[in-house]
Amino acid sequence: MFNDSTKPKLHIPKTKSERGFDIVGYLALATMFVVLIVNWSNLPSQVPAHFGANGQVDRWGSKWELLILPGIAIGLHFFLFVLEKFPETHNYPATFNEKNAAAFYTNSRQTLNYMRNIINVLFTYSVFEVTSIALGHDSSLGWLFYMILGLLFIVLGYKIYKTFQIK
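Residues numbered from 1 in each chain as written. Predicted model: local features only at pLDDT ≥ 70, side-chain atom pairs only at ≥ 80, totals over all residues. Heavy atoms only, no water.

1. Re helix 2 (residues 68-84)
In a regular helix each residue adds 1.5 Å, so 17 residues correspond to 24 Å; helix 2 covers 24 Å between its end C-alpha atoms and thus fits that length. Turning to helix 2, its buried residues number three or more, namely Pro70, Ala73, His77, Leu80 and Glu84. End-on, the buried residues of helix 2 take up no more than an arc of 105°, which puts them together on one face. Exposed side chains of helix 2 directed beyond 90 degrees from the buried face belong to Phe78 and Phe79. Contacts from the buried residues of helix 2 go to helix 1 (16-39) and helix 3 (101-134). (Helix = DSSP H or I, 4+ residues; strand = E, 2+ residues; numbered from the N terminus. Expected span 1.5 Å × (residues − 1). Buried < 20%, exposed > 50% of the residue type's maximum accessible area, 1.4 Å probe, protein only. Arc of directions from axis to C-beta. Contact = heavy atoms within 4.5 Å.)

Printed below as a string of structure tokens:
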């Protein structure tokens, strides 16, 4: 049996897909801030603050509440980024051993990487839509929000499946 102190510490380079997801995620975060900075002075004092399951606004709040979204996005990004750096601290099935440690570490790190960057895109899209609705260009979150959210769960489900395929 392994515990956190006896699990091997391996240096496994990021895969091309992880680097690609990182690029998309960082571009999304940058876009979120650009959208806010460019539109801040034009935003009305009240912006959408909550949406119902149907994607329609069900609460309006101060435009300052809009800063909560990038705050949460940056906090999640940082937390998942740090967690991604230490795959030897993650939990693994009983089948974990020294021979398959690299496969488990890569899969676990990829799971966090993909989730982190999809979440960045989801938050950026949310900021874009809230800004768009506040400026009168749109009226709901739209189907793309649910597609991105669905992608997050599909990737998570797939990576969990891949965990159980490791022998």
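2. A closer look at the packing of aromatic side chains
Going through the model one piece at a time under the given rule, you end up with 8 aromatic pairs. Taken together, a centroid distance of 5.0 Å and an interplanar angle of 20° make the contact between Tyr92 and Phe96 stacked. The buried category is assigned to Tyr92, whose relative accessible area is 17%. Under the relative-accessibility criterion, Phe96 is labelled buried at 8%. (Phe/Tyr/Trp six-rings, centres within 6.5 Å; stacked < 30°, edge-to-face > 60°.)

3. Quick notes on the packing of helix 1 against helix 3
Between helix 1 and helix 3, the shortest axis-to-axis distance is 9 Å and the interhelical angle comes to 20°. By the angle between their directions, the pair helix 1 and helix 3 is classed as roughly parallel. Viewed along their axes, helix 1 and helix 3 form a crossing whose handedness is left-handed. Partitioned by chemical class, the residues of the contact of helix 1 with helix 3 number 14 nonpolar, 10 polar and 4 charged. (Axes fitted to C-alpha atoms, helices over the stretch in contact; angles between N-to-C directions. Parallel < 35°, antiparallel > 145°, perpendicular 65-115°, else oblique. Left-handed = near helix turned anticlockwise from the far one by under 90°. Nonpolar A, V, L, I, M, F, W, Y, C, P; charged D, E, K, R; others polar.)

4. Concerning the packing of helix 2 against helix 3
The N-to-C vectors of helix 2 and helix 3 enclose an angle of 170°; their axes lie 9 Å apart at closest approach. Here helix 2 is positioned roughly antiparallel relative to helix 3, judged by the angle of their axes. Across from Leu69, Pro70, Ile72, Ala73, Leu76, His77, Leu80, Phe81, Leu83 and Glu84 in helix 2, the residues of helix 3 making contact are Arg109, Leu112, Asn113, Arg116, Ile119, Asn120, Phe123, Ser126 and Val127. Its residues placed into classes, the contact of helix 2 with helix 3 shows 12 nonpolar, 4 polar and 3 charged.

5. Structural notes on the side chain of Ser140
Structurally, Ser140 can be placed in the loop between helix 3 and helix 4 (143-165). Once residues lying within four places of it in the same chain are set aside, the contact partners of Ser140 are Gly55, Gln56, Glu129 and Ile133.

6. Some remarks on the nonpolar core
As a rule of thumb, nonpolar side chains are buried together in soluble globular proteins. Counting 28 residues, the largest nonpolar core has Met32 and Leu43 as its most contacted members. In terms of residues, this core owes the most to one element, helix 3, which gives 12 residues. Those residues in contact with Met32, other than ones at most four positions away along the chain, are Pro70, Ala73, Asn120, Phe123, Thr124 and Val127. Core analysis: the second largest hydrophobic core is formed by 6 residues, Phe96, Ala101, Phe104 and Ile166 among them. (Core = buried A, V, L, I, M, F, W, Y, C linked by side-chain atoms within 4.5 Å.)

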